[in-house]
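Chain and residue survey
The lines below spell out each chain.
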Amino acid sequence: MRLFRPVSKTHPSSTISARMINCILLSVLISFVYLLVSLSVSRLQPKDTIKAYFLSSQDQPQSLTKIDHIVFGIGSSTKWWPKRREYVKLWWDAQRMRGCVFVDRPLSYLENHTDSHLLPPICVSEDTSRFRYTWRGGDRNAIRIARCVLETVRMFNTSSEEVRWYVFGYDNTVFVPENLARTLSKYDHTSWYYIGASSETYHQNSKFGHDMAFGGGGFALSSSLANVLAKNFDSCIERYPHLYGGDSRIHACVLELGVGLTHEPGFHQFDVKGNALGILTSHSTRPLVSLHHVPHIDPIFPNSTTFTAVRHLFSAVEVDPLRILQLSVCYDRWYSWTISVSWGYTVQIEGRHLYLRDVLRTQETWKPSSGLASVYTFNTREVHPDPCQRPVTFFMEHVSSSPVDGTIKSVYKQAYENCTYDPISSPRKLEEIRVFSTRLDPNMRQLKAPRRQCCDILPTSSTGGKVMEIGIRECKEDELIYIHP
């Protein structure tokens with residue numbers, strides 16, 4: 001009987017092979033366990049965390065553009081500045097705005113210092129004699145005005161304060177600054193934008209460009225575009241001596257950078273003469289940004305000069321800028337009246353029922369032209385030759401805001417016409433219209449996709465039938481604007 005078994009000898013190569021197999025198996029096991037743990041963690045990871053990850057990789061929305069973010073370049077001359085400075089004073093805020101008025105040569109001491117604290121600084125344009133200008137009968141000042149872009153950007157692109165937009169216009173361009181800033185808030189200033197509007201007339205657009213921002217109505221360049229444009233501007237305009245205006249040169253150079261016009265209907269060139277009531281009372285649902293050629297049209301309010309009429313309009317702008325000229329339409333079922341409120345300007349009453357699409361057509365109240373000059377870029381409707389057959393128009397008298405609840409009351413008085421009328425059924429029996437609203441403050445979604453607001457005729461009993469009261473409000477989700485049976 002053996003108490004001990006002999007120890008068997010193992011070959012060294014078989015021992016090494018066994019160890020390698022064990023290492024491989026261990027590695028596979030570790031990898032498998034890691035995979036299971038990773039899958040478990042990903043399943044347990046909250047969806048909010050995943051969303052946050054993807055949101056963090058996207059561009060975050062910019063804060064609203066404010067007036068402080070805008071720099072203005074205003075084209076003028078020593079001839080016109082003394083006559084038009086009062087228009088600039090209407091909208092310029094020296095405490096909040098930056099910019100310059102460009103003139104062709106230094107002003108006299110008196111001209112340069114009168115009310116200078118209420119106006120933009122005066123800048124003398126650089127010499128442009130080295131540039132050719134070949135438009136027969138044109139004005140080579142167009143080159144100087146075009147170079148306002150270059151000179152303004154050079155002046156402010158190193159500013160310690162943020163510049164998002166450069167806005168350009170003329171000394172007779174009247175801006176509504178709050179509406180301008182809110183309109184530009186829709187766009188990312190770090191992208192390349194050229195924003196403005198064309199003329200109201202087909203003739204002007206055909207002559208100078210349907211896709212050009214007309215300079216009189218004003219236009220905006222994002223700072224990112226303006227900085228690049230300025231670097232190449234002089235070499236660019238040398239290629240265009242044959243163009244007429246400064247805005248044509250700017251348009252050509254922006255096109256060479258591959259950028260087209262972003263159209264904003266709130267900029268107004270106003271290439272019409274005479275009574276502009278029709279254009280003003282059919283304004284877009286977009287905010288009113290600018291008016292041009294104001295001295296060339298009739299006073300927009302009766303018994304006023306051109307300047308005092310615009311100043312009167314700005315008394316309403318100061319109370320509710322984003323609502324100015326916004327059109328609301330409602331109906332009086334009893335009399336079949338159609339009532340159009342162009343807030344801060346007029347209330348018009350048609351003594352008959354008109355569908356909304358017909359109300360929105362622009363009344364041709366201005367002086368008619370001939371040929372292509374009488375073809376417009378919007379829908380129009382003829383005005384009756386007899387003033388007594390036209391809508392009864394009530395002009396804004398004053399606007400006030402309640403310090404208690406913020407309700408805004410605007411009062412409109414009838415413009416007198418020597419007409420005979422039915423004292424029962426004619427809207428001419430009204431002497432005054434009172435409109436109640438709240439301050440219009442659209443959010444970004446509403447700015448990008450605006451909707452017209454609705455209005456109602458409010459019950460009144462103590463005015464002897466001489467006063468109508470109207471309330472303006474947001475339309476209900478599925479509300480239609482029409483005369484209800």
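Residues numbered from 1 in each chain as written. Predicted model: local features only at pLDDT ≥ 70, side-chain atom pairs only at ≥ 80, totals over all residues. Heavy atoms only, no water.

1. Remarks on the sheet that holds strand 18 (residues 454-458)
The eight strands lie next to each other as 10-11-12-15-16-17-19-18, forming an open sheet whose pairing is mixed. Of all the strands in the sheet, the pair left with one neighbour each is strand 10 (327-332) and strand 18. Mean inter-strand twist for the sheet, computed between neighbouring axes without regard to direction, equals 25 degrees. In this structure, strand 17 (residues 432-437) lies alongside strand 19 (residues 467-473), joined through five bridges in parallel fashion. (Pairing = 2+ DSSP bridges. Helix = DSSP H or I, 4+ residues; strand = E, 2+ residues; numbered from the N terminus. Axes fitted to C-alpha atoms, helices over the stretch in contact; angles between N-to-C directions.)

2. Structural notes on the pairing of strand 12 (residues 346-350)
Burial runs high along strand 12: five of the five residues are buried. Burial along strand 12 is two-sided: Thr346, Gln348 and Glu350 facing one way and Val347 and Ile349 facing the other are all buried. Here strand 11 (residues 337-342) pairs with strand 12 via five bridges, running antiparallel. Residue Thr338 lies in a different strand from strand 12, and its bridge partner there is Glu350. Counting the residues that bridge the hairpin from strand 11 to strand 12 gives three residues, and of these Gly344 lies at a positive phi of roughly 80 degrees. Note that strand 12 and strand 15 (residues 392-401) share four bridges and pair antiparallel. Residue pairing across strands places Ile349 opposite Val392, the latter belonging to strand 15. (Buried < 20%, exposed > 50% of the residue type's maximum accessible area, 1.4 Å probe, protein only.)

3. Considering the packing of helix 3 (residues 81-91) against helix 12 (residues 306-317)
Following both chains from N to C, one finds helix 3 and helix 12 inclined at 5 degrees, their axes separated by 10 Å at the closest point. Classified by the angle their axes make, helix 3 and helix 12 are roughly parallel. Of the residues in helix 12, those in contact with Glu86, Tyr87, Leu90 and Trp91 of helix 3 are Thr306, Phe307, Val310, Arg311 and Phe314. (Parallel < 35°, antiparallel > 145°, perpendicular 65-115°, else oblique. Contact = heavy atoms within 4.5 Å.)

All we've got here are geometric facts, nothing functional implied.
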